[in-house]
Number of protein chains: 10
Amino acid sequence: MLFHVRMNVNLPASMPLEEAATLKQTEKDLAQRLQREGKWRHLWRIAGQYANVSIFDVDSVDELHTLLTSLPLFPYMHIDVMPLCRHPSSVRDGDF
Amino acid sequence: MLFHVRMNVNLPASMPLEEAATLKQTEKDLAQRLQREGKWRHLWRIAGQYANVSIFDVDSVDELHTLLTSLPLFPYMHIDVMPLCRHPSSVRDGDF
Amino acid sequence: MLFHVRMNVNLPASMPLEEAATLKQTEKDLAQRLQREGKWRHLWRIAGQYANVSIFDVDSVDELHTLLTSLPLFPYMHIDVMPLCRHPSSVRDGDF
Amino acid sequence: MLFHVRMNVNLPASMPLEEAATLKQTEKDLAQRLQREGKWRHLWRIAGQYANVSIFDVDSVDELHTLLTSLPLFPYMHIDVMPLCRHPSSVRDGDF
Amino acid sequence: MLFHVRMNVNLPASMPLEEAATLKQTEKDLAQRLQREGKWRHLWRIAGQYANVSIFDVDSVDELHTLLTSLPLFPYMHIDVMPLCRHPSSVRDGDF
Amino acid sequence: MLFHVRMNVNLPASMPLEEAATLKQTEKDLAQRLQREGKWRHLWRIAGQYANVSIFDVDSVDELHTLLTSLPLFPYMHIDVMPLCRHPSSVRDGDF
Amino acid sequence: MLFHVRMNVNLPASMPLEEAATLKQTEKDLAQRLQREGKWRHLWRIAGQYANVSIFDVDSVDELHTLLTSLPLFPYMHIDVMPLCRHPSSVRDGDF
Amino acid sequence: MLFHVRMNVNLPASMPLEEAATLKQTEKDLAQRLQREGKWRHLWRIAGQYANVSIFDVDSVDELHTLLTSLPLFPYMHIDVMPLCRHPSSVRDGDF
Amino acid sequence: MLFHVRMNVNLPASMPLEEAATLKQTEKDLAQRLQREGKWRHLWRIAGQYANVSIFDVDSVDELHTLLTSLPLFPYMHIDVMPLCRHPSSVRDGDF
Amino acid sequence: MLFHVRMNVNLPASMPLEEAATLKQTEKDLAQRLQREGKWRHLWRIAGQYANVSIFDVDSVDELHTLLTSLPLFPYMHIDVMPLCRHPSSVRDGDF
């Protein structure tokens, strides 16, 4: 089941650089693990912004929420979720 | 080069059913051809709406505009385009 | 799996009264059947508006979209969908 | 009498972790007591957000306001209230 | 129990003048009866707009919704409802 | 002459409790004096918010501005003013 | 007493040209009379729009509303009113 | 050449009172000089807000920008600029 | 003097194709003449929309308004104007 | 390939003046180098705001994102990107 997720990151200016770097590295590691597991199906950067558009493939809304709130950057993000479904004109069999 | 495209369709209530059906079928044929050619990489329905989220893979902004305005439903759609680029945490090699 | 759905209805002023009445009756019949089947878990009117807040309990986003687009009033509604999940402070076992 | 309440929580980054934990526990205790008393009829988490959708069942607007402002997290929440009433198509007798 | 109600009226340009006049007179008669009965406590025109701000005093949300939807202009109005309660600094005993 | 005034209060989290309490008490005293003088005709709390809807009865816009800016909480409020006038359907003689 | 008024005009495309011309001429005559009488103090066109910014000088909100609703284009305008008062840094004695 | 300028002032709560007073006095002196020179043609306070509506009369957009950014409060203001031109119904010869 | 102009075109669905074609051709001829005269300095299509971003170079706001309202598509466009001035970091001498 | 970029700068009030000056100078140096290289084709100040409208000419979205995020002021800017393409009425051969 696919969900369209947009994340806008806003790190406080007062955060020490080292703390920010650690946070981003942990975020990256988790993001890559979730992608390899197939849960985080797509991850794109929005040009000019510290923001991304992602497609998650999960078994339930609860699983989606658990994944999103486990992200180290979650406390610093604004997240919008939009449920997706198969488009009748889609030709890609697995793309939903 | 990837672009995130959201299309909201709004057919006038006064359009004859047959005209609408022809329009949708032509749209579907073109959408499927563009998907097979790799130009229209993803196409998802937004739940509860006559709207979709799409990912286009084109060589230029001009090509994107030409594709979008060639859609039979173009005169009845509101379209928002957002340029995407590779996310540093993405693990999928071709996904940009 | 629960989804929060808000529907705003906007019937065109030009629709004949009888057509509107038939549409609303068919909508009511389907809404009541879906409630009895447990798919449409809650249905409330928003005070002062021709609009409702509903809670749907479905197995997938595709099922939700199929239900919503099958409603006779669908072409005349603006619909917003928001995925819900269990709240850690909830005490009601089945309420998610 | 039912009210649809949406609460968005925004704890300041500068709040000590222990203070936040105490606040959340007190909030949870009160939320669960109000649910058991039937005042807070439903409580759902919105996926991807530190926010909830709730249905309150109270005897008056004043009672609703008293309950909401008694919540420990009230100073850190943005709250929107929408009065609900029985929908003519609802089949659930007590659901209003 | 008080509710703050804002009504914006939008009569279609195609409505015959006589029909509009009848509609407005019936609306006025009902508005005045409801005011005399104490249900429609205040009614003010917003300067420069075909709109009003009203205060309703009702026993329940259902009663409010029944009153509002019984207005002849209801199909041509956008209505926003905001529940009010006693302000701790108010000195007027009956003003809630 | 009546004006519809909405005030949203936002005290900084860093304000000492005692300072806030003094501010609120002074605000309350002034609000009550202005109500008794007939300048601040109505004062209602908006349910679930630290906000009010008020009706002021003043001789001029300048008088209104002077009253509003004299409120101790003025520096911490967002204020919206909407000029009201007599509604042709109003039955209350002094209500404008 | 001064009020800042913004008027956006939106004539329906279906209005016959002659009717529109008559409407605009009557509007212009009245606007010029009100300016000469000192009620409509300033009248500027907003560049690129069929819209204006105006300053009215009236004795009461009721007078303002009566003037605005007497304009022949009133049914085709969206109007926003903002009460103004003397600015403490203003050096122009009559400009309020 | 006239420009409609709206300025909303937002001084940080942490600014020492004396610094704020100096800033405001310098702002006032400059505002009055620019008014006397005819550059700042009108200056009105918006009722209930720390904001003003102004009309500037300048020879170019560059001159306007230079004036606005020279204001001592500029770093604490949100400014919106709207170009104005002569309205065909205006009767005041110099009012553009 | 430069102005940033965004035009969104919205032709009514009921307009005969021939009328639309004539309108667009006349618009194009005028647009090209104004570009050659140096008044309409840049003209770009916004991808996916029947809209453009333009830069006009005019001697006054009145000239800009006259040019914009002379466009054949003016009655069918929503136009937003934003005054531009020389950026201190610009290296292009004539680009303002 | 052209992109329309709007940048709004918001430096924190707490930033030391010297740090801000250094940041702005480095930004200016880079902006001028990118203009000379033809990547940053236009750069205009929006009147009355600490903001600019720019036109970038890049080979890909990735190149655009790399340029924008390399700006020293990037962490303090809100950036909106809009892809542009050749307008059919444009007469300037290289302007796309």
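Residues numbered from 1 in each chain as written. Chains lettered and ligands numbered in written order. Predicted model: local features only at pLDDT ≥ 70, side-chain atom pairs only at ≥ 80, totals over all residues. Heavy atoms only, no water.

Peer 1: Please explain the relation of the copies chain C and chain D as it appears in this structure.
Peer 2: Superposition of chain C onto chain D requires a rotation of 180 degrees combined with a translation of 0.0 Å along the rotation axis, giving an RMSD of 0.0 Å. Expressed as a symmetry operation, the mapping of one chain copy onto the other fits a two-fold axis. When the interface residues of chain C are mapped onto chain D, 100% of them again fall at the interface, so both copies present the same face. (Least-squares fit on C-alpha atoms with pLDDT ≥ 70 in both. Contact = heavy atoms within 4.5 Å.)

Peer 1: Just checking my understanding: could you explain the side chain of E:Asn52 for this structure?
Peer 2: Note that E:Asn52 resides in strand S3 (residues 51-57). By relative accessible area, E:Asn52 is classed as buried at 5%. The residues touching E:Asn52, leaving out its near neighbours within four places in the chain, are E:Val5, E:Arg6, E:Met7, E:Leu43, E:Trp44, E:Arg45, E:Ile46 and F:His87. (Helix = DSSP H or I, 4+ residues; strand = E, 2+ residues; numbered from the N terminus. Buried < 20%, exposed > 50% of the residue type's maximum accessible area, 1.4 Å probe, protein only.)

Peer 1: Where do I start with the sheet that holds S3(E) in this structure?
Peer 2: Each strand in a sheet pairs with its neighbour through backbone hydrogen bonds, running either in the same direction (parallel) or in the opposite one (antiparallel). Pairing within the closed barrel is antiparallel, and its eight strands lie in the order S1(E)-S3(E)-S2(E)-S4(F)-S1(F)-S3(F)-S2(F)-S4(E). Adjacent strand axes in the sheet meet at a mean angle of 35 degrees, parallel and antiparallel pairs treated alike. The sheet contact formed by strand S1 (residues 2-9) of chain E and S3(E) spans seven bridges and is antiparallel. Opposite E:Val5, over in S3(E), you have E:Ser54 as the bridge partner. (Pairing = 2+ DSSP bridges. Axes fitted to C-alpha atoms, helices over the stretch in contact; angles between N-to-C directions.)

Peer 1: Honestly, the sheet that holds strand S4 (residues 77-86) of chain A in this entry has me stumped. Any pointers?
Peer 2: Here eight strands make up a closed barrel; going around it, the order is S1(A)-S3(A)-S2(A)-S4(B)-S1(B)-S3(B)-S2(B)-S4(A) and the pairing antiparallel. With direction set aside, neighbouring strand axes in the sheet form an average angle of 35 degrees. Two strands pair when backbone bridges link them, and strand S1 (residues 2-9) of chain A and S4(A) are joined in this way by seven bridges, in the antiparallel orientation. Considered in S4(A), the bridge of A:Met7 is made with A:Ile79. Contacting S1, strand S3 (51-57) and S4 of chain A, helix H2 (residues 61-69) of chain A crosses the sheet at an angle of about 25 degrees to S1(A). Sheet contacts for helix H2 (residues 61-70) of chain C: S1 and S4 of chain A together with strand S2 (40-46) of chain B; angle to S4(A), the most-contacted strand, approximately 70 degrees.

Peer 1: What should I look at first to understand the UniProt feature "domain: Muconolactone isomerase" (unreviewed entry) in chain A in this one?
Peer 2: Cross-referencing UniProt, the feature "domain: Muconolactone isomerase" (unreviewed entry) maps to residues 1-89 of chain A in the present numbering. Strand forms 36% of residues 1-89 of chain A and helix 33%; the C-alpha atoms that close the span are 18 Å apart. (UniProt positions renumbered as here; feature names shortened; annotations may be inferred.)

Peer 1: Is there a simple way to explain the interface of chain C and chain D in this structure?
Peer 2: In many reports, interface size means the accessible area that the parts give up when they come together. In this complex, chain C contributes 30 residues to the contact, which on the side of chain D involves 30 residues. Ranking the residues of chain C by area buried against chain D places C:Trp44, C:Arg45 and C:His87 at the top, with a combined share of 24%. Connecting chain C to chain D are zero salt bridges. For the pair chain C and chain D, the number of links is 18 residue pairs in polar contact (both at pLDDT 80 or more). When residues of the side of chain C that touches chain D are traced back to their parent elements, those giving at least two are strand S1 (2-9), helix H1 (17-36), strand S2 (40-46), strand S3 (51-57) and strand S4 (77-86) of chain C. Sorting elements by how many residues they give to the side of chain C that touches chain D places S2(C) first, with six residues. Class assignment for the residues of the side of chain C that touches chain D results in 14 nonpolar, eight polar and eight charged. (Buried area = accessible area lost by both parts, 1.4 Å probe. Salt bridge = Lys/Arg side-chain N within 4 Å of Asp/Glu carboxyl O. Polar contact = N/O pair within 3.5 Å; in protein donor to acceptor, adjacent residues only side chain to side chain. Nonpolar A, V, L, I, M, F, W, Y, C, P; charged D, E, K, R; others polar.)

Peer 1: Honestly, the relation of the copies chain I and chain G in this entry has me stumped. Any pointers?
Peer 2: Related by rotation about an axis and a shift along that axis, the two copies of the chain form a pair. Its rotation angle being 72 degrees, the transformation that places chain I on chain G also includes 0.0 Å of axial translation and leaves an RMSD of 0.0 Å. Viewed as a symmetry operation, the transformation between the two copies matches a five-fold axis. Relative to the rotation axis, the C-alpha of I:Ser14 is the closest in chain I, positioned 8.8 Å from it.

Peer 1: What's the story with the pattern of salt bridges in this structure? I'm lost.
Peer 2: Under the criterion given, the structure shown has 40 salt bridges over all chains. Ionic pairing is found between I:Asp57 and I:Arg41, a salt bridge with its closest N-O pair at 2.7 Å. Taken together, the residues I:Asp57 in strand S3 (residues 51-57) and I:Arg41 in strand S2 (residues 40-46) connect sequence positions 16 residues apart. Grouping residues by exposure puts I:Asp57 and I:Arg41 together as buried. Through salt bridges that share partners, A:Lys39, A:Asp59 and A:Glu63 make up one connected network.

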